[in-house]
Amino acid sequence: MFIGREMEIRQLRALRRDVEPRIAVLYGRRRVGKTELIHEAFKNETALFFEGLEGQGKQSQILNFLFQLKQQVPDLEMSNKIRDWPAALMLLVPILKNRPAVIVLDELQWMASQRSELIVNLKMVWDQYISKISGVSLILCGSIASFMIDQVVKSKALYGRVEVVIGLTPFNLSEASQMLTSHGEMEVLESLLLLGGIPLYLKLVRNHPSIYLGINELAFRPNGFFVTEFDRIFLSHFGKKDHYAKIVNALHRNSYGLFREEISKICKIELSGHLSKELEDLELAGFIKSHVPIDKQQTSKIKKYILTDPYLRFYLTMIQPSIRQMGTEKADLFLQITQTPQFFSFLGQAFELFCQNNSFLISKILGFQGINYTAGPYFRKDLKSSGTQIDLLFDRQDNVVTLCEIKYSRNPIGKEVISEVEKKVEILSSVFSKKKTIQKVLIVKDRVTKDLDQAHYFYKIIRCEDLFNGIS
């Protein structure tokens, strides 16, 4: 059974409702399920699939295209002198005239060697020949979002020709629950906190007796999948450019984020347009996220960058420091780690990021999802984060500010949290000059103490079970 992505499947299938040729662009990070989505959408259609080769030059890509075409159309006669993209793409024309099909160019950034030449050639062949054949659709798919957006969606060559653009994101809580049906709610949630909603990652762990046992086997054994996945991600997305890994490592060491100037100083990267582009690439890939102060316009140049990808955070915090111990007598290394304070601290920060990324779900639980709002962590650039960081804040158009304190602990949360929140209320009162009502919300793993519950300090205490109820 194909899980989730119903809306995206409908978008792609809509291309086939008309005989007029159409183009769609699909992008998303590695392992997010792009190719599987295309196969599901067009499983009853005639399709020609082509996949680019990672890290190869133009001539290798053309030869690979011709090889794949020959495998799918065995009786096709082609010259062994084809050396350019127009000649290679023109081979599709007589095939499509005889039998219109869906053309899929997968990992387009590799096929194009991350240059615009193929896109320009494709535009010419499409405009002059393929677009004149009824019943043809073209799907351009890639795993490097920056290339797909800048060189394809926004390119002058394909301007006005792309009708559907889909940015495929990792599974949300609802989709992860559908995939991990044999696991309980807390296992589903912690799989997202540790690995993120990447479909392949969830598939790999779901057939183990528990998520922890699956991670122990796949992430804490020599050459385990999650041990080597980190390097695969960076090589496939960014090649051998070390600036990206430097930025990710710097953000990992500063879990509440860094400003652009701080990243430049720590990583020894010149404060220039190149750094801005590298930060944009990482954000488009879904590895990091930028926030502006919630009391500033979204166009503000004051941005704090946070490492948000769950797997990257888990790898750098837990897997990488344990590599030397793998393969020793400590066969259940991860199971031992799960009993440490460091692990629960990690889960706490991961849960904060999860709540920030699921702000709409929280607004739905609180009943104001229909009101316009901005949401995110609260911070000030002129003050240290430790003194002003608020986990999640909703600045609502109905003159209410919802302050969310987030705690993920193995022990029940007690009344001591009230004094923590009161300090943050004071900060917000000065920022908003008492013009807005401050609504206090506590989000916890499961339990709070009886005296906290009876204090009625918080407007609402949201437990993890409420998050699952909210998606049903």
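Scoring rules and cut-offs
- Residues numbered from 1 in each chain as written.
- Predicted model: local features only at pLDDT ≥ 70, side-chain atom pairs only at ≥ 80, totals over all residues.
- Heavy atoms only, no water.
- Helix = DSSP H or I, 4+ residues; strand = E, 2+ residues; numbered from the N terminus.
- Buried < 20%, exposed > 50% of the residue type's maximum accessible area, 1.4 Å probe, protein only.
- Contact = heavy atoms within 4.5 Å.
- Core = buried A, V, L, I, M, F, W, Y, C linked by side-chain atoms within 4.5 Å.
- Pairing = 2+ DSSP bridges.
- Axes fitted to C-alpha atoms, helices over the stretch in contact; angles between N-to-C directions.
- Parallel < 35°, antiparallel > 145°, perpendicular 65-115°, else oblique.
- Nonpolar A, V, L, I, M, F, W, Y, C, P; charged D, E, K, R; others polar.
- Salt bridge = Lys/Arg side-chain N within 4 Å of Asp/Glu carboxyl O.

**Describing the overall build of the protein**
No. 1: When helices and strands are counted, the protein shows 24 helices and 13 strands.
No. 2: Its C-alpha atoms put the protein at 80 × 60 × 45 Å along the principal axes.
No. 3: Per-residue burial for the protein yields a buried fraction of 52% across its 472 residues.
No. 4: Within the protein, residue pairs in contact and separated by at least 24 positions form 67% of the contacts whose partners lie at least 6 positions apart.

**Let's talk about the nonpolar core**
No. 1: Counting 97 residues, the largest nonpolar core has Ile-215, Phe-220, Phe-226, Phe-314, Ile-319 and Phe-351 as the members making the most contacts within it.
No. 2: With 45 residues, the next largest nonpolar core counts Val-25, Leu-76, Trp-126 and Ile-130 among its residues.

**Brief notes about the sheet that holds strand β8 (residues 304–307)**
No. 1: The sheet built from three strands is open, its strands ordered β6-β8-β7 with antiparallel pairing. In the strand order of this sheet, the two ends are held by β6 (258–259) and β7 (288–291), each with one partner.
No. 2: The sheet contact formed by β6 and β8 spans two bridges and is antiparallel. Bridge pairing in β8 places Phe-259 opposite Lys-304.
No. 3: Along the sheet, helix α14 (residues 242–253) makes contact with β6, β7 and β8, crossing β8 at roughly 90°.

**Here's the deal with helix α10 (residues 185–195)**
No. 1: Within α10, eight of the 11 residues are buried, which leaves the element mostly enclosed by the surrounding structure.
No. 2: Following α10 by one or two positions, Gly-196 has its phi on the positive side, about 85°.

**A few points about the packing of helix α15 (residues 260–267) against helix α16 (residues 273–284)**
When two helices pack together, their arrangement is given by the angle between the helix axes and the distance between those axes.
No. 1: Orientation of α15 relative to α16, taken along the N-to-C sense of each, is 105°, at an axis distance of 11 Å. When the axes of α15 and α16 are compared, the pair comes out roughly perpendicular. Two secondary-structure elements touch here, α15 through Arg-260, Ile-263 and Ser-264 and α16 through Gly-273, Leu-275, Ser-276 and Leu-279.
No. 2: Within the contact of α15 with α16, the residues separate by chemical class into three nonpolar, three polar and one charged.

**Structural notes on the packing of α10 against helix α19 (residues 341–357)**
No. 1: Between α10 and α19, whose axes approach to 9 Å, the crossing angle comes to 90°. The angle between α10 and α19 places the two elements in the roughly perpendicular class. Across the interface between the two elements, Leu-189, Glu-190, Leu-192, Leu-193 and Leu-194 from α10 touch Phe-343, Phe-346, Leu-347, Ala-350, Phe-351 and Phe-354 from α19.
No. 2: Of the residues belonging to the contact of α10 with α19, the class tally is 10 nonpolar, no polar and one charged.

**As for the environment of Leu-194**
No. 1: Assignment of secondary structure puts Leu-194 in helix α10.
No. 2: Put simply, Leu-194 and Phe-314 are 120 residues apart on the chain and 5.8 Å apart in space, counted from C-alpha to C-alpha.
No. 3: In this structure, Leu-194 is in contact with Tyr-212, Ile-215, Pro-310, Tyr-311, Phe-314, Phe-334, Phe-343, Phe-346 and Leu-347, ignoring residues within four places of it in sequence.

**Description of the pattern of salt bridges**
No. 1: In this structure the tally under the stated criterion is 20 salt bridges.
No. 2: Of the charged contacts in the structure, one is a salt bridge between Glu-229 and Arg-232, with a shortest N-O distance of 3.0 Å. With Glu-229 and Arg-232 both in helix α13 (residues 225–238) and three residues apart, this pair spans about one turn of that helix.
No. 3: A relative accessible area of 0% means that Glu-229 is categorised as buried.
No. 4: On the basis of relative accessible area, Arg-232 is assigned to the partly exposed category, the value being 27%.
No. 5: We note a salt bridge from Glu-405 to Lys-407, for which the minimum N-O separation is 3.5 Å.
No. 6: What makes Glu-405 buried here is its relative accessible area of 2%.
No. 7: Residues joined in a network through salt bridges with shared partners are Glu-405, Lys-407, Glu-420 and Lys-424.

**Details of the environment of Ile-103**
No. 1: Its place among the elements puts Ile-103 in strand β3 (residues 102–106).
No. 2: Taking the relative accessible area as the measure of exposure, Ile-103 reaches 2% and is therefore buried.
No. 3: Each C-alpha atom of the pair Ile-103 and Gly-33 lies 18 Å from the other, and the pair is 70 residues apart in sequence.
No. 4: When neighbours within four sequence positions are excluded, Ile-103 is seen to be in contact with Leu-48, Phe-50, Leu-92, Leu-96, Ile-130, Val-136, Ser-137, Leu-138 and Ile-139.

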